[in-house]
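# Tertiary structure, described
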Amino acid sequence: ETINITDSKFFHGNLIVKEGTLNFDGSGGFTGSVSTGGPVIVKGDAKITTPLLYAPNSTVEVLGGEFKGPIIGGTVTIGGPTASNPRVYYDPPGTPVPIPGSGDSGQANITEDVAREQ
């Protein structure tokens, strides 16, 4: 199944999706945390602001729009042949999100080897 946040619709809150595609498209937007076991697609002129997009076993494609916040994905693609000038800003808004194994500060302390294991 697919969850669409499209056109001029805006969603404020947290999304926790076991499986299924999250599709952000058009001039809509989203503000909040995302945790998902399915693919995530951002395109069009969508505006996403999140303290964390957590999809460690999924594909995340940012093909357009504006994405603000960190992304943890199995495969993360920014841009591509069908992309429409995507803008990604990795600085998360608000309070840093603690990453497991990095301590309580919320400041990421991940090396390349640790990131591959998680």
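Each remark here, short or long, concerns the structure printed above.
Below, the structure is looked at part by part. (Residues numbered from 1 in each chain as written. Predicted model: local features only at pLDDT ≥ 70, side-chain atom pairs only at ≥ 80, totals over all residues. Heavy atoms only, no water.)

With that out of the way, let us pick up the pattern of salt bridges. Evaluated as defined, the whole model comprises four salt bridges. Here Asp45 ties to Lys47 by a salt bridge, and the two come within 3.3 Å at their closest N and O atoms. Taking relative accessible area as the criterion, Lys47 reaches 36% and is therefore assigned partly exposed. With a shortest N-O distance of 3.8 Å, Arg87 and Asp45 are connected by a salt bridge. Taken as a pair, Arg87 in strand β12 (residues 84–89) and Asp45 in the loop between β7 (40–42) and β8 (47–49) lie far apart in primary sequence, 42 residues in all. Overall, Arg87 belongs to the partly exposed group, its relative accessible area being 25%. Judged by relative accessible area, which is 36%, Asp45 ranks as partly exposed. (Salt bridge = Lys/Arg side-chain N within 4 Å of Asp/Glu carboxyl O. Buried < 20%, exposed > 50% of the residue type's maximum accessible area, 1.4 Å probe, protein only. Helix = DSSP H or I, 4+ residues; strand = E, 2+ residues; numbered from the N terminus.)

Mapped onto the secondary structure, Thr77 falls in strand β11 (residues 71–78). Along the chain, Thr77 and Leu63 lie 14 residues apart, while their C-alpha atoms are 7.9 Å from each other. Sequence-distant contacts of Thr77, that is, excluding residues within four places in its chain, are made with Val60, Glu61 and Val62. (Contact = heavy atoms within 4.5 Å.)

Locating Ile78 in the fold gives a position in strand β11. Judged by relative accessible area, Ile78 falls into the partly exposed class, the value being 39%. Measuring from C-alpha to C-alpha, the distance between Ile78 and Val88 comes to 8.1 Å, with 10 residues separating the pair along the chain. Every residue in contact with Ile78, bar those within four places of it in the chain, is listed here: Val62, Pro86, Val88 and Tyr90.

Before going further, it helps to spend a moment on the side chain of Ser58. Within the fold, Ser58 resides in strand β9 (residues 53–62). Overall, the relative accessible area of 5% leaves Ser58 in the buried class. Not counting residues up to four positions away in its chain, the partners in contact with Ser58 are Thr36, Gly37, Gly38, Pro39, Gly73, Gly74 and Thr75.

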